[in-house]
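# Observations on the model geometry
One letter stands for each residue in the lines below.
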Amino acid sequence: MRKILIAPSLLSADFMHLEREIQNIEAADADILHLDVMDGHFVPNLTFGMPIIRQIRALTKLPLDVHLMVQNPGDYYQPLAQCGVEYVSFHQEAVTHIHRHIYVLRDAGIQAGIALNPATPISTIQPVLPDLDFVLFMSVNPGFGGQKFLPLVYDKITQARLLTSNINPTLKIEIDGGVTDANAEALIDAGADMLVAGSHIFGNPDYTRAIASLRQ
Ligand code: DX5
Ligand code: ZN
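Quick summary incoming for the structure in this document. All of these numbers come straight from a predicted model, not from anything done at the bench.

This paragraph deals with the packing of aromatic side chains. Per the counting criterion, the structure on display carries five aromatic pairs. With centroids separated by 5.7 Å and ring planes inclined at 85°, the aromatic side chains of Y87 and F134 adopt a geometry described as edge-to-face. With Y87 in strand β4 (residues 87-91) and F134 in strand β6 (residues 134-138), this pair connects stretches of sequence that are 47 residues apart. A residue is classified by how much of its surface remains accessible, and F134, at 0% relative accessible area, is buried. A ring pair is formed by F202 and Y207, whose centres lie 5.3 Å apart and whose planes are at 70°; its orientation type is edge-to-face. A relative accessible area of 10% means that F202 is categorised as buried.

Looking now at the environment of A192. You can see A192 is positioned in the loop between α6 (184-190) and β8 (194-197). Residues A192 and P63 lie 129 residues apart in sequence; the distance between their C-alpha atoms is 18 Å. Aside from chain neighbours lying at most four places away, what touches A192 is R2, I4, I157, I173, I175 and L187.

Here we come to the coordination of the zinc ion (ligand 2). Around the zinc ion (ligand 2), the protein supplies H34 (NE2), D36 (OD), H67 (ND1) and D176 (OD) as donor atoms, at distances of 2.1 to 2.3 Å. One can describe the donor arrangement at the zinc ion (ligand 2) as octahedral, given that its six donor atoms subtend angles of 71 to 172° at the metal. Residue classification places D36 among the buried residues on the basis of a relative accessible area of 5%.

Looking now at the pattern of salt bridges. What the rule picks out here adds up to eight salt bridges. Between R2 and D193 there is a salt bridge; the shortest N-O distance is 3.1 Å. Pair noted here: R2 is in the segment before β1 (5-8) and D193 is in the loop between α6 and β8, with a separation of 191 residues, a long-range link. The exposure class of D193 is buried, given its relative accessible area of 9%. Across the pair K3 and D31 runs a salt bridge, and its minimum N-O distance is 3.2 Å.

We now examine the packing of helix α1 (residues 18-27) against helix α8 (residues 207-215). As a packed pair, α1 and α8 sit with axes 8 Å apart at the nearest point and diverge in direction by 50°. On the basis of their axis angle, the class for α1 and α8 is oblique. Judged by the sense of rotation from one axis to the other, the crossing of α1 with α8 is right-handed. Judged by residue contacts, E21, N24, I25 and A27 of α1 engage Y207, T208 and I211 from α8. Here the residues of the contact of α1 with α8 sort into four nonpolar, two polar and one charged.

Residues in contact with ligand 1 amount to 20 residues; listed here are only the nearest, S9, G143, D176, G198 and S199. Between an oxygen atom of ligand 1 and a side-chain N or O atom of H34, the distance comes to 3.4 Å. Contacts to ligand 1 include G146, whose backbone N or O atom sits 2.8 Å from an oxygen atom. Here ligand 1 has 380 Å² of accessible area as a free molecule, and 100% of this is covered by the chains. Where the shell around ligand 1 is concerned, the elements lending two or more residues are β2 (33-38), β3 (64-69) and β8. Partitioning the shell around ligand 1 into residue classes produces eight nonpolar, ten polar and two charged.

Conventions and cut-offs
- Residues numbered from 1 in each chain as written.
- Chains lettered and ligands numbered in written order.
- Predicted model: local features only at pLDDT ≥ 70, side-chain atom pairs only at ≥ 80, totals over all residues.
- Heavy atoms only, no water.
- Phe/Tyr/Trp six-rings, centres within 6.5 Å; stacked < 30°, edge-to-face > 60°.
- Helix = DSSP H or I, 4+ residues; strand = E, 2+ residues; numbered from the N terminus.
- Buried < 20%, exposed > 50% of the residue type's maximum accessible area, 1.4 Å probe, protein only.
- Contact = heavy atoms within 4.5 Å.
- Donors = N, O, S within 2.8 Å, 3.2 Å for Na, K, Ca; no water.
- Tetrahedral: all angles 85-135°; square planar, octahedral: opposite > 155°, others 65-115°.
- Salt bridge = Lys/Arg side-chain N within 4 Å of Asp/Glu carboxyl O.
- Axes fitted to C-alpha atoms, helices over the stretch in contact; angles between N-to-C directions.
- Parallel < 35°, antiparallel > 145°, perpendicular 65-115°, else oblique.
- Left-handed = near helix turned anticlockwise from the far one by under 90°.
- Nonpolar A, V, L, I, M, F, W, Y, C, P; charged D, E, K, R; others polar.
- Near = heavy atom within 4 Å.
- Polar contact = N/O pair within 3.5 Å; in protein donor to acceptor, adjacent residues only side chain to side chain.
- Areas by Shrake-Rupley, 256 points an atom, 1.4 Å probe, with all protein chains shown as cover.

As structure tokens, this is what we get:
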């Protein structure tokens, strides 16, 4: 059976106590830590950048998954590579020369992913599907935690699996936005490999239980 990776999104953590939050998430059996970088332009919200990511890197051995919701994601690749993050996704809607972005990331030893907003069809990235390590399908419009899940993402997962079963069978599918124990099983059944969850995990007093509820 394939391994399902649970990636808590730090966006919903208590930012006054980040060190403790990250240690608790690690102890609660998370697989990956999802870091939402927002620039106030690509999305109407602002979060954190390299100084915080460097400090997080020094603090945890969890693989880091950086989701770039920014207008110029290319500005981040070199610093992220030097910092030693494992996964980076940039938005299809933010870039013009998609191949260039994928190759810069892969050459730097980073797993490269493209994120798609809910209204962006998978056909917009079909030519690069063989070159990707993962795709990130947004199941809310990006910018904020705690939004309502959009079920249109199920079709995208099914389409992605059909399109890549021959050309890129190891492609990972990551789902981000409104993921809870009410939809996790259906997402996994549809073919998702990585589930991001912010409010479902950090809004629960028991992180171990919240993470376990997504795996089952
Ligand atoms: C939203 C971010 C998500 C967000 C998910 O733009 O990309 O990673 O933190 O939060 P929940 O799980 O609360 O929808
Ligand atoms: Zn995200």
